[in-house]
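One letter stands for each residue in the lines below.
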Amino acid sequence: MSDISDKYNIKCPGVKRLMREAIELAEATEEYCARPLEDNLFEWHFTVRGPPGTDFEGGIYHGRILLPKEYPMHPPHIILLTPNGRFEVNKKICLSISGYHPETWQPSWSIRTALLALIAFMPTPAEGTIGALEYSPAERKTLAKKSTSWACAQCGEIAPLLSSNAAKPITEEEKSVLNQIAFKGEEEQTPKPPEPEPTYEPEPQILESVDSSTTFLDQILEIIVALLVGAIAIFIYRRWNSYAAIDTDL
């Protein structure tokens, strides 16, 4: 920590916060451990144990936490490095406590909160979220067994990073966060009712107003024209008959 103190401005709120969290998380537990890189306070490596009673039980998973300069006002990004069957490796994953959802992040949350949320989130369905995988239970159990011998290029073998020390009790705020995550997982499993098909109402037809006096004159004109045509037809017919009679006499 002395090297980090020399490299960063310890008066910066984000640096002060991360240094305090580094001290709080200095001692590994049986559930998780996390520490910053020696040369970068804003990148941490973590190790978590798979939650018991799930497909990940017995597994040990390692990853990275990338913290923004605005931490803790902005959330971190979380990346899994160990193959696990739930999250893609080497890719930022989408969680309610990660950088993909800044609207749900609370500055009072910490790296420990993110680790507890990640452990709680592992058994939930993927639902097509970013960085999520839907492996079968058998495949996840196989990966859990293999994970105990996995090694990080920077941290070495990950299994010895955890200890037998019990983690400190979960606070009420952390419990609330985990309950929200569990509720979200149950909500995602509930099938959503099909959306009703849109109904289209016929547009009302707008009839143009017609002047009644104009209509009456038009009707009178049509009658007169019809009478004239009829009169001309009768005249032509009579003339034709008279010519026919003269031809007959001749």
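Quick notes on the rules
Residues numbered from 1 in each chain as written. Predicted model: local features only at pLDDT ≥ 70, side-chain atom pairs only at ≥ 80, totals over all residues. Heavy atoms only, no water. Helix = DSSP H or I, 4+ residues; strand = E, 2+ residues; numbered from the N terminus. Contact = heavy atoms within 4.5 Å. Salt bridge = Lys/Arg side-chain N within 4 Å of Asp/Glu carboxyl O. UniProt positions renumbered as here; feature names shortened; annotations may be inferred. Buried < 20%, exposed > 50% of the residue type's maximum accessible area, 1.4 Å probe, protein only. Arc of directions from axis to C-beta. Disulfide = S-S within 2.5 Å. Phe/Tyr/Trp six-rings, centres within 6.5 Å; stacked < 30°, edge-to-face > 60°.

1. Here we look at the environment of R64
For R64, the position within the fold is in strand β3 (residues 60-66). C-alpha separation for the pair R64 and H45, spaced 19 residues apart in sequence, amounts to 4.5 Å. Setting aside its immediate chain neighbours within four residues, R64 contacts E43, W44, H45, F46, H77, I78, I79 and L81.

2. Brief notes about the pattern of salt bridges
Pairs can form between side chains of opposite charge once their charged atoms are near each other. Applying the stated criterion across every chain, the model contains seven salt bridges. Here R112 makes a salt bridge to E174, at a shortest N to O gap of 2.8 Å. Highlighted residues: R112 in helix α3 (residues 111-121) and E174 in helix α5 (residues 172-189), separated in sequence by 62 residues.

3. Describing the UniProt feature "transmembrane region" (unreviewed entry) in the protein chain
Those residues carrying the UniProt feature "transmembrane region" (unreviewed entry) are residues 220-237 in this numbering. Between the end C-alpha atoms of residues 220-237 the distance is 26 Å, and the span holds 100% helix and 0% strand.

4. Looking at helix α4 (residues 137-147)
Regarding α4, the residues found buried are R140, L143, A144 and S147. Looking straight down α4, one finds that the buried residues subtend no more than 105° of arc, so they occupy a single side. Among the exposed residues of α4, those pointing more than 90 degrees away from its buried face are A138, K145 and K146. Contacts from the buried residues of α4 go to β3.

5. A word on the state of the cysteines
In protein structure, a disulfide is the covalent linkage between the sulfur atoms of two cysteines. This structure, assessed with the given rule, holds zero disulfides. C155 provides the cysteine sulfur closest to C152, a residue in no disulfide bond, and the two sulfurs are 3.9 Å apart. A relative accessible area of 8% means that C152 is categorised as buried.

6. Things to note about the packing of aromatic side chains
Each pair of aromatic rings is reported with the distance of its centres and the angle of its planes. Throughout the structure, instances matching the rule amount to four aromatic pairs. Judged by centre distance (5.8 Å) and plane angle (65°), the ring pair of Y8 and F42 falls under edge-to-face. One end of the pair, Y8, is in the loop between α1 (2-7) and α2 (13-24); the other, F42, is in strand β2 (residues 40-49), and 34 residues separate them in sequence. Accessibility expressed as a relative area gives 16% for Y8, which makes it buried. You can call F42 buried: its relative accessible area is 7%. A centroid spacing of 6.3 Å and a plane angle of 80° characterise the contact between F56 and Y61, whose relative ring orientation is edge-to-face. Look at F56 and you get buried, because its relative accessible area is 1%. Given the relative accessible area of 0%, Y61 is considered buried.

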